[in-house]
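Analysis of the macromolecular model
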Amino acid sequence: MTRLLHVVGARPNFMKVAPLLRAPSPHPVEHILVHTGQHYDAAMSDAFFRDLGLPAPDVNLGIGSASHAVQTGRMMAELEPVFDRYAPDWIVVYGDVNSTLAAALVAAKKALKVAHVEAGVRSFDRSMPEEVNRVLTDQLADICLTPGASADRNLRREGVPDDRIRAVGNVMVDTLLALRPSAAKLQVPERMGVGSGDYAVATFHRAGNVDDAATLSELLAGMSHVAGTMPVLFLVHPRTRQRIKDFGLERRATGVRLLDPVGYLETIGLVERAALVLTDSGGLQVETTILGVPCLTARPNTEWTETVESGTNRLVPPSLEAIKSAFADVRRQDRAVAAPPRPPLWDGRAAERIVALLA
Ligand code: UD1
């Protein structure tokens, strides 16, 4: 029996662990699920556990929000006795959030084996906390489980030896393909009173965009411009909502519908039939590529270069003028690419490959 201890903490982790817990395995596997509690709001955590059919975590550390140093340090201190108690064969960590690095660091110091899911993905922008988390986690991991060839190349360039790299595919795609039919059944656009193919979905939460008043103001003005043509449903992360209030920017979002974040199924149900997604999320860049929905990503770089190559995603500077011009381009096309070519290994079976490898 192989014991896998999965550490998750923030919203983008939950859809990545879900397919591993369900994956068939050639050998018996026991799963232990540990939630650091980095995200704790019902909309940021509980809704995802419910939508993804995740079991209640075996352990919830309830760490919550704090500065990066305090949050990461608290996680490390609390994870150590949990790893001692369960003595797993593998610690499995996901993506690039603070919970990922905290768990990898504790495990490495205790000489426990670490598997990193979504390894090798790089924006090459060290000003992003996520990039720091990724680079360090990959150095610590015993096995780097990557979404594909470009991530493999990034790891080799950083000196990670070939025997620690395994291309397994994209676990976010596993979840999306499995839950797309359930998401469609919810008829979310109808319930939100918007016409199919005639609205935009927006999400912004990156520190680089929302912690700066001038940048956030431009993004709101950009959404407001789009709202002059079609309804804009802005799913507002708690951090972003706080910043809009702190900076007094409520009036810059004229015409935009400011909504609370929604769960996984509602998000996918909305995105699938949107005319456009405006975002700085990593996950939505991947999901719009699979769903063939045009996506404007307000960032100077992306760790998901495949999404730009597939023709659905486009990087735009976070300014009103840039959004106006990119929106005009999207309007000239119909839908970006109805059935974009799917990158190799983004086939819905990544989790199966991972579990087979670890078991
Ligand atoms: C984290 C991840 C980011 C990911 C994002 C998805 C890191 C470094 N960043 O950013 O990569 O894209 O999650 O959401 O790990 N807050 C709440 N309730 C919550 C969670 C957060 O109110 O349930 C508010 C708090 O004010 C908190 C702030 O959001 O201080 C930031 O939360 P934090 O977990 O530090 O980072 P995110 O911005 O969510």
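Residues numbered from 1 in each chain as written. Predicted model: local features only at pLDDT ≥ 70, side-chain atom pairs only at ≥ 80, totals over all residues. Heavy atoms only, no water.

Observations regarding the overall build of the chain
Here is the rule we go by: The way it works is that DSSP assigns letters per residue, a run of H or I at least four long becomes a helix, a run of E at least two long becomes a strand, and they are numbered from the N terminus. Values of the radius of gyration come from C-alpha atoms, whereas the globule rule sets the reference at 2.2 Å times the count of residues to the power 0.38. Burial classification: accessible surface area is computed with a 1.4 Å probe over protein chains only, and a residue below 20% of its type maximum counts as buried, one above 50% as exposed, and the rest as partly exposed. Contact criterion: two residues are considered in contact whenever any of their non-hydrogen atoms come within 4.5 Å of each other. Exposure was quantified through the Shrake-Rupley algorithm and a 1.4 Å probe, taking into account, for residues, occlusion by the shown protein chains and nothing else. Only four residue types enter the tally: Lys and Arg on the positive side, Asp and Glu on the negative side; His and the chain ends are excluded. Note that the charge is assigned to NZ on lysines, CZ on arginines, CG on aspartates and CD on glutamates.
What the chain contains, in helices and strands, is 16 helices and 13 strands. For 359 residues, the compact-globule formula gives about 21 Å, and the C-alpha radius of gyration of the chain, at 20 Å, lands near that figure. A total of 359 residues make up the chain; the buried ones form 58% of that total. The contacts of the chain with a sequence gap of at least 6 include a subset with a gap of at least 24, amounting to 71%. Summed over all atoms, the accessible surface of the chain reaches about 14,000 Å², with 52% contributed by carbon and sulfur. The positive charge centre, built from 39 side chains, and the negative charge centre, built from 41, are 2 Å apart in the chain.

Observations regarding the site of the ligand
As a reminder of what qualifies: Near residues are defined by distance, with any heavy atom within 4 Å of the molecule or strand qualifying the residue. We call two N or O atoms a polar contact when they sit within 3.5 Å, provided that within protein one can donate a hydrogen and the other can accept it, with sequence-adjacent residues counted only if both atoms are side-chain atoms. Charged residues are taken to be Asp, Glu, Lys and Arg, nonpolar residues to be Ala, Val, Leu, Ile, Met, Phe, Trp, Tyr, Cys and Pro, and polar residues to be all remaining types, Gly included. Throughout the structure description, domain borders are defined by an automatic or database domain assignment.
In the vicinity of the ligand lie 19 residues, with Gln38, His39, Glu130, His205 and Arg239 positioned nearest. At 2.7 Å, a side-chain N or O of Glu130 approaches an oxygen atom of the ligand. His237 is positioned such that a nitrogen or oxygen atom in its side chain is 2.9 Å from an oxygen atom of the ligand. With the chains in place, 86% of the 740 Å² that the ligand exposes on its own is no longer accessible. Elements with a contribution of two residues or more to the shell around the ligand: helix H1 (11–22), helix H3 (68–86) and helix H11 (238–246). Counted by class, the shell around the ligand contains 5 nonpolar, 8 polar and 6 charged residues. Counting residues domain by domain, the shell around the ligand receives three or more from each of domain 1 (2–170 + 345–358) and domain 2 (182–332).

Some thoughts on the pairing of strand S6 (residues 143–146)
The condition that has to hold: By the convention used here, strands pair only if DSSP detects at least 2 bridges between them. When the strands point away from the viewer, a crossover counts as right-handed if the route from the first strand across the helix to the second turns clockwise.
Burial of S6 is two-sided: the residues Ile143 and Leu145 facing one way and the residues Cys144 and Thr146 facing the other way are all buried. The sheet contact formed by strand S5 (residues 114–117) and S6 spans 3 bridges and is parallel. Among the inter-strand pairings, His116 is bridged to a residue of S6, identified as Cys144. On the question of chirality, the crossover connecting S5 to the parallel S6 by way of helix H5 (residues 129–140) is right-handed. With 3 bridges joining them, S6 and strand S7 (residues 165–167) adopt parallel strand pairing. Along S7, the bridge assignment pairs Leu145 with Arg166. One crossover worth recording links S6 to the parallel S7 by way of helix H6 (residues 149–157), and it is right-handed.

Let's talk about the sheet that holds strand S1 (residues 2–8)
Across the sheet, 7 strands lie side by side as S3-S2-S1-S4-S5-S6-S7; this open sheet has parallel pairing. A single partner strand is all that each edge strand has here, and the edge strands are strand S3 (59–60) and S7.

Regarding the domain arrangement of the chain
This is how the line gets drawn: Here's the idea: put two parts together, see how much 1.4 Å probe accessible area each one loses, and the total over both is what we call buried area. Any Lys or Arg side-chain nitrogen located within 4 Å of an Asp or Glu carboxyl oxygen qualifies as a salt bridge.
Here the chain is described as being made up of domain 1 (2–170 + 345–358) and domain 2 (182–332). Distance from the C-alpha centre of domain 1 to the C-alpha centre of domain 2: 26 Å. Contacts between domain 1 and domain 2 engage 22 residues on the former and 18 residues on the latter. Carbon and sulfur atoms supply 63% of the area buried between domain 1 and domain 2, which totals about 1,700 Å² over both sides. Across the domain 1-domain 2 interface, the total number found is 2 salt bridges.

Some words on the packing of H1 against helix H2 (residues 42–51)
The line we're drawing: In this description, a line fitted to the C-alpha atoms serves as the axis of each element, helices being fitted only across the stretch in contact, and the angle between N-to-C directions of two axes falls anywhere from 0 to 180 degrees. Any angle between 65 and 115 degrees counts as roughly perpendicular, while under 35 counts as roughly parallel, over 145 as roughly antiparallel, and the rest as oblique. Here a crossing is called left-handed whenever its near helix is offset anticlockwise from the far helix by less than a right angle, and right-handed whenever the offset is clockwise.
Running from amino to carboxyl end, H1 crosses H2 at an angle of 15 degrees, the nearest separation of the two axes being 9 Å. Regarding the angle of H1 to H2, the classification is roughly parallel. Crossing of H1 against H2: the hand is right-handed. Contacts between H1 and H2 involve Arg11, Phe14 and Met15 on the former and, on the latter, Met44, Ser45, Phe48 and Phe49.

A look at H2
Those residues of H2 that sit buried are Met44, Ser45, Ala47, Phe48, Phe49 and Asp51. If you follow the buried residues of H2, they end up packed against H1, strand S2 (29–35), helix H7 (171–185), H11 and helix H12 (264–272). Just downstream of H2 lies Gly53, where phi reads positive at about 65 degrees.

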